[in-house]
Amino acid sequence: MGQMDGSNEVPGSTPQTPDGESETPGSSNLLQRLIGAFKPADGEQEQDETGQQTTTGFGHGMINLRRMRVEDVAIPRVEIVAVPSTITKAELVALFRESGLTRLPVYTGTLDNPIGFVHLKDFALSHGFNGTGGRFVLKSMLRPLLFVPPSMPIGVLLTKMQTERRHMALVIDEYGGVDGLVTIEDLIEQVIGEIEDEHDAEEDKHWILEKPGSYLAFARAPLDEFRDETGIDLTAHEDIDGEEIDTLGGLVFMLSGHVPSRGEVVSHPTGVEFEVVDADPRRIKRLRVRLPGSQTQPAEA
C-alpha cells in the first residue's frame, strides 16, 4: 500500500488529497474525534469482564489505536520492496508490474539512506504505464517520506498521516537505520479488519488458471475444492494432518514452519511448488501453485 502537496483550493470546492481523492468537509477532524472518544480517562486500564487487566492478543477495533504500536503492524525490513536511485526505467516498470505496489521507497546506496518514494501515478503521467515516453529522471518524481519511531501508537501515526496526507512511513530504529515500513492501510486494518484491494478476486473465485499446470490462488482457497480442480490430494501424505488444515495458505504455513515472505517458494512432497506472491508479516495472501510437470518459469501476477 507523501508529504502534503501545496495547492490553492477554490472556495466552496471539495478539497482533494495529492492522489486526487476527494475529502468531504470536516473529514480531516473525524479521525481525531473518533480517537478522542475512545481515549481512557487518566489512570484507566483495559479490563475484562472479571475486572482483571486484559493480556490477550489484539483483535480488531478502535481500542487498537491506543494500545498497539507501530512495531506491532510494520512490515519488517527484509520484506520491504524498495529501489535504488540508480534503477533504470525498464527495471522500474518491471518491479511495479511484479509487485503490484503503487508506492516504492527509493534509496541511495543502502535502504538506510532513503531519499523519498516514487508513485506509480507520477511515473505513468510522465512516461505512460509501459514507460515508453519522456526522458527518465527518477529524482524529479520523488515524494518525501514520513519517518516514525517503532514505539509510536498507531492512533498517533494514523492522525499524523491523515493530517499530512501521507500514505506510507518508514520505521526508524534508535541508530537511525530503517527497521520497517507501514502504510495507512496497515493501520486501518487494525480497526476494521482486512481491506481487499484491486488484486483481490470475487468471494467465490479462489483461483485462476494462468496456464496449464499453473494457478494463481488465494491463500484461503479450500483444499478439498483445489483437489477437485486438479485431481491432486495435497493432504494425502503421512507428514500432513488433513484434519488440521483446510486451506492452501494453512498448508503452506505448515510446510514452511513460518509465515513465508513474498517470493519464497515452498515445495510439497508430491512435487507441487507454492510461490508466495503476496504476504505480510502476519499472513499469506496469494500463492502461485505449479503442478508437477508444468513449466517452472513464473508468470506475471
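Shown above is the structure to which this text applies.
All values derive from a computational prediction rather than experimental measurement.

J.: How should the sheet that holds strand β4 (residues 114-119) be read in this particular structure?
T.: Sheets are built from strands paired through backbone hydrogen bonds, the pairs being either parallel or antiparallel. Taken in spatial order, the 3 strands line up as β2-β3-β4 in an open sheet, and their pairing is mixed. Each edge of the open sheet carries a strand with a single partner, namely β2 (83-84) and β4. Of the strand pairs in this sheet, β2 and strand β3 (residues 103-107) are connected by 2 bridges, and their pairing is parallel. Counterpart to P84 in the pairing with β3 is Y107. In the packing of helix α4 (residues 89-99) onto the sheet, the strands contacted are β2, β3 and β4, and the crossing angle to β3 comes to about 135°.

J.: Explain the pattern of salt bridges to me, please; I cannot follow it from the model alone.
T.: Here the idea is simple: oppositely charged side chains can pair when their charged atoms come close. Evaluation of the coordinates by the stated rule reveals 10 salt bridges. Among the ionic pairs, R143 bridges to D122, the shortest N-O distance being 2.8 Å. Residue R143 is located in the loop between α5 (120-127) and β5 (146-148), and its partner D122 is located in helix α5; the two are separated by 21 residues in the primary sequence. We note that R143, like D122, is buried.

J.: What am I meant to see in the side chain of E275 here?
T.: When you line up the elements, E275 lands in strand β11 (residues 273-280). At 2.9 Å, the side chain of E275 forms a polar contact with the side chain of R290.

J.: What is the right way to read the pairing of strand β7 (residues 178-183) from this model?
T.: Within a regular strand, side chains alternate between the sheet's two faces. Counting buried positions along β7 yields 5 of 6 residues, so the element is predominantly enclosed. Inspection of the sheet shows strand β1 (residues 75-76) paired to β7 by 2 bridges, in the antiparallel sense. By the bridge assignment for β7, I75 is matched with L181. Across 5 bridges, the pairing between strand β6 (residues 168-172) and β7 is antiparallel. Bridge assignment links M168 to a residue of β7, and that residue is T183. Between β6 and β7, which pair antiparallel one after the other, the connecting turn spans 5 residues, and G176 there sits at a positive phi close to 90°.

J.: Sorry if this is basic, but what is going on with the packing of α4 against α5 here?
T.: When two helices pack together, their arrangement is given by the angle between the helix axes and by the axis-to-axis distance. Where α4 contacts α5, the two axes come as close as 12 Å, and the packing angle between them is 130°. Viewed along their axes, α4 and α5 adopt a mutual orientation that is oblique. Our pair here, α4 against α5, has a crossing hand that is left-handed. For the pair formed by α4 and α5, the contact residues are K89, L92, V93 and F96 on the first element and L120, F123 and H127 on the second. Within the contact of α4 with α5, the residues separate by chemical class into 5 nonpolar, 1 polar and 1 charged.

J.: Any chance you could explain the environment of P114 here in plain terms?
T.: Its place among the elements puts P114 in strand β4. A C-alpha to C-alpha distance of 9.6 Å links P114 and P144, two positions 30 residues apart in sequence.

J.: Is there a simple way to explain the pairing of β6 in this structure?
T.: Burial analysis of β6 places 5 of its 5 residues in the buried class, which makes it a mostly covered element. Neither face of β6 is left uncovered, since the one carrying M168, L170 and I172 and the one carrying A169 and V171 both have all their residues buried. Where β5 and β6 come together, 3 bridges link them in parallel fashion. By the bridge assignment, V148 is partnered in β6 with V171. Between β5 and its parallel partner β6, the chain crosses via helix α6 (residues 154-164), and the hand of that crossover is right-handed.

J.: Sorry if this is basic, but what is going on with helix α8 (residues 223-230) here?
T.: When α8 is considered as a whole, its buried residues turn out to be L223, F226 and T230. Down the axis, α8 shows its buried residues gathered within 60° of arc, on one side only. Elements that come into contact with the buried residues of α8 comprise β8 (207-211), β9 (214-218), α9 (248-256) and β12 (283-290). Backbone geometry just downstream of α8 places G231 in the positive-phi region, at approximately 80°.

J.: Just checking my understanding: could you explain the nonpolar core for this structure?
T.: Within soluble globular proteins, side chains that are nonpolar tend to cluster in buried spots. Counting residues in hydrophobic clusters, the biggest one holds 22 residues, and the most contacted among them are F226, L234, L248, L251, F274, L287 and V289. Looking at this core, the elements with two or more residues in it are β9, α8, α9, β11 and β12. Contacts of F274, omitting those with residues within four sequence positions, involve L234, L248, L251, V252, L255, E264, V265, V266, H268, L287, R288 and V289. Counting residues in each nonpolar core, the second largest holds 19 residues, with M68, V148, M152 and L157 among its members.

J.: Mind showing me how you'd approach the packing of aromatic side chains here?
T.: Within a pair of aromatic rings, the relevant descriptors are the distance that separates the centres and the angle that separates the planes. In this structure the tally under the stated criterion is 4 aromatic pairs. Considering the side-chain rings of F96 and F123, the 6.2 Å spacing of their centres and the 45° angle between planes classify their relative orientation as tilted. With F96 in helix α4 and F123 in helix α5, this residue pair connects regions lying 27 residues apart in the sequence. Residues F123 and F136 carry aromatic rings whose centres are separated by 6.2 Å and whose planes lie at 75° to one another, so their mutual orientation is edge-to-face. A residue pair is termed long-range when its members are at least 10 positions apart, and F123 in helix α5 and F136 in the loop between α5 and β5 qualify at 13 residues. Judged by its relative accessible area of 21%, F136 falls in the partly exposed class. An aromatic cluster is present here, built from F96, F123 and F136 joined pairwise through their rings. We note R220 situated over the ring of F218; from NZ or CZ to the ring centre the distance is 4.4 Å.

Basis of the calculations
Residues numbered from 1 in each chain as written. Predicted model: local features only at pLDDT ≥ 70, side-chain atom pairs only at ≥ 80, totals over all residues. Heavy atoms only, no water. Pairing = 2+ DSSP bridges. Helix = DSSP H or I, 4+ residues; strand = E, 2+ residues; numbered from the N terminus. Contact = heavy atoms within 4.5 Å. Axes fitted to C-alpha atoms, helices over the stretch in contact; angles between N-to-C directions. Salt bridge = Lys/Arg side-chain N within 4 Å of Asp/Glu carboxyl O. Buried < 20%, exposed > 50% of the residue type's maximum accessible area, 1.4 Å probe, protein only. Polar contact = N/O pair within 3.5 Å; in protein donor to acceptor, adjacent residues only side chain to side chain. Parallel < 35°, antiparallel > 145°, perpendicular 65-115°, else oblique. Left-handed = near helix turned anticlockwise from the far one by under 90°. Nonpolar A, V, L, I, M, F, W, Y, C, P; charged D, E, K, R; others polar. Right-handed = clockwise from strand over helix to strand, strands pointing away. Arc of directions from axis to C-beta. Core = buried A, V, L, I, M, F, W, Y, C linked by side-chain atoms within 4.5 Å. Phe/Tyr/Trp six-rings, centres within 6.5 Å; stacked < 30°, edge-to-face > 60°. Lys NZ or Arg CZ within 6 Å of the ring centre and 35° of its normal.

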